Amino acid sequence: MFKIKPFVFSMYPLLLALVLLTCKGLNAQQIIWAQLNNIDKKTDFTKVIGQNKHGVYVLKHKNSTFRKYFIIERFDKRMNLMRSKIIKIPNAELQKIVVLENDIVFFTKVFDKGYTSSLHVQHLDTNLNIDLPTVIAAECDLPNANSDFKIEYNENRKQFLTWYLTEQNNTFEINLCTLNNFKKGPTKKIEIAKGAFDIDFLKAAIDVSGNFFGIYTESKNSKASKAADFQTHLLCINVTDGLIKNILIHNPEEYITYADLCFNSSKNTMIASGFYGKNTDDEVAGYFSIQIDTKDFAFISNVQNPINRKTVSDIIGIKAEARGDYLSKFKIRKTIPKTDGGQIIIAERSFITNQSDVFYVNGIAQTSYSKIFNNDEVLILSIDSNGALLWDEIVFKNQLSTNDGGYNNGIVIMINEDNFNIIYNDKLNANADVIQVTFNEKGERIKKILINSDQYYALVIPSEYNQVTSNSAVLPINQNRDYTYIKLLY
């Protein structure tokens, strides 16, 4: 039997456990193409937000700030556009939007007078009609202009929790509020750092009971540059009974370079995992894995292991590995819990470089500047319930683009009960095929062309896709410089 824990959607029943299929069977899927005339010329940013029994929903805006308004579109399950509507949110910006079983809920940060902000929640019905706002938090003094309200929800979308930070005299507090039928429920204000210069939450999540978990890094001073200047903590809070656990999760001489959280409902555990480095804040010397019992916040396992040096050599080269160099710039794209208590970490090497070129116009030197967006190898780690490495694999790719925000770079991850798929555009500077690599539980893979460039000339947009059910995903597509969607059914 496969042991990858499937995605759970409240509007879809869990699939029955399947007998392990052959790789050929695992790799089969159907592609549904939407009509090309679904493009909105006034918008530049699109995000597929989910599906329920009424259809598939897409969010649009002229940019990713979502201030003053947003556009919501509803498609049927065959990706035919049914309705489009502009939702006005004056003097506010969108914080979170979630597709529920029968409607849509969205949260907005409203800008008050005196540099304070409030959090409101509203619903959209099946006809995209909006109800009156409910105030969740009023006139909050957030630490700075870039601070936001955060909204967490569990996998069945029954439990919601909002939180935000406040700061006074270098003392940071976290303010948490549970929602009862989207009305303000129990609240907690907890001091989490005193004497810190800054706080940066790397990840937050809640479990099925609404307990809060967060990974945050605090810096000790404004000129922090050494590993000892940064402390990364795992924060666990039971909002109901007040139980709190706040622990340092790394050695003082090491950096936590990237971190993720995932809840395993099969074991009722929260898994904190990520990468650590020894010399720089983007180095990947090894991985850590911490399993927490969500009932009492007790440790089940706490492991820190180096990355396999053979894997390091395969990525950076034999000579660099022999010098003792490490991997760097790998960011976790997805952590998948497994039914046996382990997890699969999928990470991608992603970074931006700046390039300057000098050219001459009428004998006068001119300089142009470019931003180069790089998305390269994908590193996959399969970890058991004790934190030990079962296997690791690499998907080799090289994506490079200039001054486009890396729009067609990156990966799509589609998780089924019996396998997972990594989808990406190949050779962005030429006629690009869309590639799919399918992995089973043992790390065995099948690679194939999902969309042939000679036939379709199409590129997927990885940052805007969403897995909308346990066996389907909707992907925005650039096709012949036009815009549409495909729906993948597995």
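As a starting point, this report considers the structure included with it. These numbers were taken from a predicted model, which means no experiment stands behind them. (Residues numbered from 1 in each chain as written. Predicted model: local features only at pLDDT ≥ 70, side-chain atom pairs only at ≥ 80, totals over all residues. Heavy atoms only, no water.)

Before going further, it helps to spend a moment on the overall build of the protein chain. The number of helices and strands found in the protein chain is four helices and 35 strands. Viewed in the frame of its principal axes, the protein chain has a C-alpha envelope of about 70 × 60 × 60 Å. Expressed as a percentage of its 490 residues, the buried residues of the protein chain come to 53%. Within the protein chain, contacts between residues at least 6 apart in sequence are counted, and of these 48% link residues at least 24 apart. Carbon and sulfur atoms make up 48% of the accessible area of the protein chain, which amounts to about 22,500 Å² in all. Taken as two groups, the 55 positive and 53 negative side-chain charges of the protein chain have centres that lie 4 Å from each other. (Helix = DSSP H or I, 4+ residues; strand = E, 2+ residues; numbered from the N terminus. Buried < 20%, exposed > 50% of the residue type's maximum accessible area, 1.4 Å probe, protein only. Contact = heavy atoms within 4.5 Å. Areas by Shrake-Rupley, 256 points an atom, 1.4 Å probe, with all protein chains shown as cover. Lys, Arg positive; Asp, Glu negative; His and termini not counted. Charge placed at Lys NZ, Arg CZ, Asp CG, Glu CD.)

Time to look at helix α2 (residues 309-316). What α2 keeps buried is the set Thr311, Val312, Ser313 and Ile315. Buried residues in α2 make contact with α3 (318-322), β22 (327-328), β23 (330-337), β25 (364-383) and β26 (389-395). Looking one or two places after α2, you find glycine 317, whose phi comes out positive at around 105°.

For the rest of this paragraph, the subject is the sheet that holds strand β20 (residues 286-293). Overall, antiparallel pairing links the four strands, which are arranged β17-β18-β20-β21 in an open sheet. The sheet is open, and its two borders are formed by β17 (255-264) and β21 (299-306), each paired with just one other strand. Across the sheet, the mean angle separating the axes of adjacent strands is 15° when strand polarity is ignored. Sheet topology note: the β17/strand β18 (residues 269-277) ladder contains nine bridges and is antiparallel. (Pairing = 2+ DSSP bridges. Axes fitted to C-alpha atoms, helices over the stretch in contact; angles between N-to-C directions.)

Ranked by internal contacts, the top residues of the largest apolar core, which has 31 residues, are Ile346, Ile380, Val395, Phe420, Ile422 and Leu475. The contact partners of isoleucine 380, leaving out residues within four places of it in the chain, are Ile344, Ile345, Trp391, Asp392, Glu393, Val395, Phe420, Ile422 and Phe439. (Core = buried A, V, L, I, M, F, W, Y, C linked by side-chain atoms within 4.5 Å.)

Overall, the coordinates contain 15 aromatic pairs when judged by the stated rule. With 5.2 Å between their ring centres and 70° between their planes, phenylalanine 75 and tyrosine 485 make a pair best called edge-to-face. With phenylalanine 75 in strand β4 (residues 67-75) and tyrosine 485 in strand β35 (residues 482-489), this pair connects stretches of sequence that are 410 residues apart. When its relative accessible area of 0% is taken as the criterion, phenylalanine 75 is described as buried. (Phe/Tyr/Trp six-rings, centres within 6.5 Å; stacked < 30°, edge-to-face > 60°.)

To continue, consider the sheet that holds strand β16 (residues 244-248). Pairing within the open sheet is antiparallel, and its four strands lie in the order β13-β14-β15-β16. The open sheet has two edge strands, β13 (198-206) and β16, and neither has a second partner. Going from strand to strand, the sheet's axes swing by 20° on average, the running direction of each strand aside. As paired elements, β13 and strand β14 (residues 212-219) share eight bridges and run antiparallel to each other. Residue pairing across strands places isoleucine 199 opposite glutamate 218, the latter belonging to β14.

For the structure on display, the rule yields 15 salt bridges. Taking the shortest distance from any N to any O, the salt bridge between lysine 109 and aspartate 148 comes out at 2.8 Å. Within this pair, whereas lysine 109 is found in strand β6 (residues 104-111), its partner aspartate 148 is found in the loop between β8 (134-140) and β9 (150-153), the two being separated by 39 residues in sequence. Judged by relative accessible area, lysine 109 falls into the buried class, the value being 2%. (Salt bridge = Lys/Arg side-chain N within 4 Å of Asp/Glu carboxyl O.)

Here strand β3 (residues 55-61) pairs with β4 via five bridges, running antiparallel. Note that in β4 the partner of valine 58 across the bridge is glutamate 73. Between β3 and β4, which pair antiparallel one after the other, the connecting turn spans five residues, and phenylalanine 66 there sits at a positive phi close to 55°.

As for its placement among the helices and strands, isoleucine 336 is situated in strand β23. In this structure isoleucine 336 comes out as buried when scored by relative accessible area, which is 1%. For the pair isoleucine 336 and isoleucine 346, spaced 10 residues apart in sequence, the C-alpha to C-alpha distance is 8.2 Å.

What follows is about the pairing of strand β2 (residues 45-52). Among the eight residues that make up β2, six are buried, leaving the element largely enclosed by the rest of the structure. The pairing of β2 with β3 spans seven bridges and is antiparallel. Directly across from lysine 47, in β3, lies its bridge partner leucine 59. Following β2, the chain reverses through two residues before pairing antiparallel with β3.

With that out of the way, let us pick up unusual backbone geometry. Phi at tyrosine 115 takes a positive value of approximately 65°, unusual for a residue other than glycine. With respect to the element layout, tyrosine 115 can be found in the loop between β6 and β7 (117-124). When its relative accessible area of 80% is taken as the criterion, tyrosine 115 is described as exposed. For lysine 329, which is not a glycine, the phi torsion comes out positive at approximately 65°. For lysine 329, the location among the structural elements is in the loop between β22 and β23. Here lysine 329 falls in the partly exposed class, since its relative accessible area comes to 27%.

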